[in-house]
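Here is how the chains run, residue by residue.
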Amino acid sequence: QVQLAEFGGGLVQPGGSLRLSCAASGSIFFIYIMGWYRQAPGKQRELVAVITSNSGTNYGDSVKGRFTISRDNAKNTVYLQMNSLKVEDTAVYYCNAAIQSPGRTEFWGQGTQVTVSS
């Protein structure tokens, strides 16, 4: 079985920064895509950023230029550097990964709360 463990959420003031990380563990043959989604109260889950195995990236429009996604394939870990945070970035952030284990399966983390407030 595969597990995704998220770290780094918390409370930050507007304009501040946070770094999230997500480590995949378990029976992993290959990780295709890793990424982050978020869900604010009363809203649908939305794409934040994803990164492929060869470091191709895609960002949601609301975070372009402020957030940066990266991954360490040796550690099966994905990172999300969040800068210039806004109140509207407040949400539960979920790690997501498409993993060969042994068949290709999508996995989700348990979520980590990010609150941007003064």
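Everything here concerns the structure above.
Residues numbered from 1 in each chain as written. Predicted model: local features only at pLDDT ≥ 70, side-chain atom pairs only at ≥ 80, totals over all residues. Heavy atoms only, no water.

1. What about the overall build of the chain?
(1) Moving on: A tally of helices and strands in the chain yields 0 helices and 11 strands.
(2) Moving on: Ordered by position in the sequence, the α and β elements of the chain form the string β-β-β-β-β-β-β-β-β-β-β.
(3) Moving on: Taking the principal axes of its C-alpha atoms as reference, the chain extends roughly 45 × 25 × 20 Å.
(4) Moving on: The buried share of the chain, taken over its 118 residues, is 42%.
(5) Moving on: If you take every contact in the chain between residues at least 6 apart in sequence, the share linking residues at least 24 apart comes to 54%.
(6) Moving on: When the accessible area of the chain is evaluated, it comes to approximately 6,100 Å², of which 48% is carbon and sulfur surface.
(7) Moving on: Both charge centroids of the chain, one from 10 positive and one from 7 negative side chains, sit 3 Å from each other. (Helix = DSSP H or I, 4+ residues; strand = E, 2+ residues; numbered from the N terminus. Buried < 20%, exposed > 50% of the residue type's maximum accessible area, 1.4 Å probe, protein only. Contact = heavy atoms within 4.5 Å. Areas by Shrake-Rupley, 256 points an atom, 1.4 Å probe, with all protein chains shown as cover. Lys, Arg positive; Asp, Glu negative; His and termini not counted. Charge placed at Lys NZ, Arg CZ, Asp CG, Glu CD.)

2. Some remarks on the pairing of strand β4 (residues 30-39)
(1) Moving on: Two strands pair when backbone bridges link them, and β4 and strand β9 (residues 91-100) are joined in this way by 9 bridges, in the antiparallel orientation. Its bridge partner lying in β9, Gln39 is registered against Val92.
(2) Moving on: For β4 and strand β5 (residues 46-52), the ladder comprises 6 bridges, and the chain directions are antiparallel. Bridging from a neighbouring strand, Tyr37 pairs with Leu47 of β5.
(3) Moving on: With antiparallel pairing between neighbouring strands as the criterion, β4 and β5 make up a hairpin whose turn holds 6 residues, including Gly42 at a positive phi of roughly 80 degrees. (Pairing = 2+ DSSP bridges.)

All we've got here are geometric facts, nothing functional implied.
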